[in-house]
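What follows is each chain in one-letter form.
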Amino acid sequence: MDLDLSSEDERFREEVRDWLHENVPKEPAPPYGPEYREYCRQWQRTQFEGGWAGISWPSEYGGCGLPPIRQMIWHQENARANAPAVGVNFVGLNHGGPTLIACGTEEQKAYHLPRILRGDIVWCQGFSEPSAGSDLAALKTRGVVDGDDLVVNGQKIWTSYAEHADFQELLVRTDPDASKHGGISWLICDMNLPGVEVRPIKTMTGHSHFSEVFYTDVRIPLSNMVGELNDGWRVTMATLSFERGTAFMSGQIELAKVVESLIELAKNTTGPDGRRPAIQDDGIARSLGMIRAEVSALRCLTLASISRALESEMPGPEGSITKLFYADLSMRVRQLALEILGGQALERTPQGWTNEYLGAFNVAIGGGTSEIQRNIIGERVLGLPRDRNRK
Amino acid sequence: MNLLPDSQQQEIIDATAGFLESEFPLSRLHESEEPVPISRELWQTMAELGWFGLGLSEELGGTGFTLAEEALLFRELGRVLAPTNVLAASLAVRVASLAHQSELAESIIGGNQRVAIAETADMESTLGENVTGRFRCIDGSDVELVLCSSAQGFALVTRDALGQGDVVPCMDEHTHLEIFDIGGLPALAFAPTEMDSIQNRGSVLAASMLVGSSEAARDQATEYAKERQQFGKPIGVFQAIKHKCADMASRCEAATWQTFYAALAVRDGHADATFQASAAKLLSAKAATENGQANILVHGGYGVTAEYDAHLFLKRSHVLDLLIGTHGEHLTRVLHEPTAA
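Bear in mind that the values here come from a model prediction, so they are computed numbers and not experimental data.

## What about the interface of chain A and chain B?
The partner chain B presents 51 residues to the 46 residues of chain A that form the contact. The contact between chain A and chain B buries some 4,200 Å² in all, and 66% of this surface belongs to carbon and sulfur atoms. Contact with chain B buries surface across chain A, with Met1, Leu3 and Arg292 of chain A losing the most and accounting together for 21% of the total. The tally of links between chain A and chain B comes to 4 salt bridges.

Here's what the structure looks like:
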């Protein structure tokens, strides 16, 4: 047990810090629209040209091939430098690309991986459907083999950045007679194909973060299949282990910064007695203290995952504990912000705490709801029995 | 950077767990409704195992390990709801050593003098060369020394000098609770809070015991949920129970890694050591008390019976929670102390 970073790790941190100091964009990200896509892509391009794209991707596929500890240092320094979030490149970099690396053909890797790293193409996810959310394997979108193509009909939902995406990780049912998990295939869908229609969903924040996607006789070449026909569930498990294991690391690190700004807010906002700053209110001070301790524990959970990764390559089910803890804490941080703001919380500004509060519910739903994480913890960490009626 | 125990540390864990399983089975707590002090013989064995000086360097007469290994030991002690005397002895050894009372330190390390901890019970207590104030002494019915603890530090006094205190029935029937009103009693040795990060060490060790208790409660609830059948299936199938157990696991993980991190930050003298130690105490107290409560609820009616173990974890977690600083003190520290860079 030790907390020491090697001198190479320390040097890496300095290099990252120097490079970010020179290269982080001065202007803030536009909140949405094509300008946001361009901003994210340009930042990815800048990282690629600086030699920093794909920190944890294997070097044979153009990544930096660095261990998880360096990935954490990278995220820490990005947070410190106020570097832009990964934005529209989240899926490509964090689970689309890694899935291709794990399960894709050489041709698929050769086309997509360098383009993802350069920020040339944007990926999105096409997993959930209106009737297949937590019960993902109940998906109904059909794929029928016709010559060298799969003809796809159906609908996906909750697809983040669909309107910005060039490609999609798409799950379809290719054998309706097979078992629930046995008839699914994992496809790379070109979002510009005829028959693909994207309809943005306005969320409670007032913005359209995700969309519905409709497929009408969309012809996807069989060469775009990742893994074998009807073997898509195995590929999906790889995608989800990346999504639950490491994809949220930057968000977890970012949350510590959010808590520090919450403490600043409490120093600069008049408290419930109408006279003293909010931080001098006993109740608020206690809540802030506990949240600061909990965000520290979140950091330790991340460090524990990094420690485990020294011994095994694929993230284990413990990742669900980190995700659950992170989601719960994310919401409580914003609830506390509202408590500190009092009546001011009603006054909405585009990037203020009220918007963050309304947006924080996503963390407890996306990437597997907190209830699904609790099932995984119960069954795969603690070994509790599954419900045999659950198919 | 690696938070996982290495192979030598794993050996300490395994050896400790094996020893405690035979010497401190939970069944012992059903054989008596009174607190049973650790026997002289068992105390001597623990001394021979090197527990009381485990984290003290060999040149100071200790076993030569560090706070990290102590944290692993105390986690195991917490798991079997061992009395708090080992914690008291470990801190007392360091207090004596810091006060250059090497004979006293040696005597405690060797098991010749047994120790109990007494936590301040009022705001007026003062610790220094003399001890004044009201203190709640835990597990002190058959010891030679008492380690008084407050935000000012730790002071060691002889049990005899305290005379007869006010023995009060404890919420935890297996914990001996005695209240002393002390007026200007000279201390055998005193170490102020900051000296050698002594209070942070105490916080980490108490946190480690709380972690062990929270893990044992989690394991007990999980095992029960696998066996107990209702509606024709194990109750662990139902999400109402499964999710309670998952939340117990989540609280344990957060508390465990925060405590291990704190042990290393204090050991290595990091600038955020006080923050980390107090965060560990807060997180582990939350995990132990909330898991103690959940364990009772998972057991249903059996959970509130004296015959089952579930209530024992809850009660002991409240005792441990009382040690080395109040919630309010730790919350103030985590709000104002510097965090990790």
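## Some points on the packing of aromatic side chains
Residue and element names in this part refer to chain A. According to the stated counting rule, one finds 15 aromatic pairs over all chains in the structure shown. Judged by centre distance (6.5 Å) and plane angle (35°), the rings of tryptophan 19 and tryptophan 74 are tilted. Linking tryptophan 19 in helix α1 (residues 7–23) with tryptophan 74 in helix α3 (residues 68–80), this pair joins segments that are 55 residues apart in sequence. Tryptophan 74 carries the same exposure label as tryptophan 19, and that label is buried. Through pairs of rings, three or more aromatic residues link up here, namely Phe12, Trp19, Trp43, Trp52 and Trp74. Cation over ring: arginine 115 sits above tyrosine 111, and NZ or CZ is 3.8 Å from the ring centre.

## Considering the domain arrangement of chain B
Residue and element names in this part refer to chain B. Once the domains are mapped, chain B shows domain 1 (7–192) and domain 2 (196–336). For domain 1 versus domain 2, the distance between C-alpha centres works out to 21 Å. The interface is formed by 40 residues belonging to domain 1 together with 40 residues belonging to domain 2. For the pair domain 1 and domain 2, the two sides together bury roughly 3,500 Å², of which 70% comes from carbon and sulfur. Taken as a group, Leu67, Arg75 and Leu81 account for 19% of the area that domain 1 buries against domain 2, more than any other trio of residues on that side. Linking domain 1 to domain 2 there are 6 salt bridges.

## Topic: the side chain of asparagine 295 of chain B
Residue and element names in this part refer to chain B. Mapped onto the elements of the fold, asparagine 295 is located in helix α10 (residues 273–298). Judged by its relative accessible area of 0%, asparagine 295 is buried. At 3.0 Å, the side chain of asparagine 295 and the side chain of glutamine 220 are in polar contact.

## A look at the packing of helix α9 (residues 239–267) of chain B against α10 of chain B
All names here are of chain B. Close contact between α9 and α10 brings their axes to 8 Å; oriented N to C, the two are set at 155°. When the axis of α9 is compared with that of α10, the two are roughly antiparallel. Taken as a pair, α9 and α10 cross one another with a handedness that is left-handed. Among the residues forming the contact of α9 with α10, the class breakdown is 18 nonpolar, 6 polar and 4 charged.

## Re a nonpolar patch on the surface
Together, Met204, Phe361 and Ile365 of chain A make up an exposed nonpolar region whose accessible area comes to about 300 Å². Considering the arrangement of structural elements, one finds phenylalanine 361 of chain A in the loop between α10 (353–359) and α11 (370–381).

## Examining the domain arrangement of chain A
All names here are of chain A. Domain annotation for chain A reports domain 1 (7–85), domain 2 (123–230) and domain 3 (248–381). For domain 1 versus domain 3, the separation of C-alpha centres amounts to 23 Å. Counting from both sides, the interface comprises 9 residues of domain 1 and, opposite them, 10 residues of domain 3. Together, the buried faces of domain 1 and domain 3 total about 830 Å²; carbon and sulfur atoms form 75% of this surface. Remark: the boundary between domain 1 and domain 3 carries 0 salt bridges.

What counts and how
Residues numbered from 1 in each chain as written. Chains lettered and ligands numbered in written order. Predicted model: local features only at pLDDT ≥ 70, side-chain atom pairs only at ≥ 80, totals over all residues. Heavy atoms only, no water. Contact = heavy atoms within 4.5 Å. Buried area = accessible area lost by both parts, 1.4 Å probe. Salt bridge = Lys/Arg side-chain N within 4 Å of Asp/Glu carboxyl O. Phe/Tyr/Trp six-rings, centres within 6.5 Å; stacked < 30°, edge-to-face > 60°. Helix = DSSP H or I, 4+ residues; strand = E, 2+ residues; numbered from the N terminus. Buried < 20%, exposed > 50% of the residue type's maximum accessible area, 1.4 Å probe, protein only. Lys NZ or Arg CZ within 6 Å of the ring centre and 35° of its normal. Domains from an automatic or database assignment. Polar contact = N/O pair within 3.5 Å; in protein donor to acceptor, adjacent residues only side chain to side chain. Axes fitted to C-alpha atoms, helices over the stretch in contact; angles between N-to-C directions. Parallel < 35°, antiparallel > 145°, perpendicular 65-115°, else oblique. Left-handed = near helix turned anticlockwise from the far one by under 90°. Nonpolar A, V, L, I, M, F, W, Y, C, P; charged D, E, K, R; others polar. Patch = residues over 30% accessible without salt bridge, like charges linked within 9 Å, V, L, I, M, F, W, Y side chains within 5 Å. Areas by Shrake-Rupley, 256 points an atom, 1.4 Å probe, with all protein chains shown as cover.

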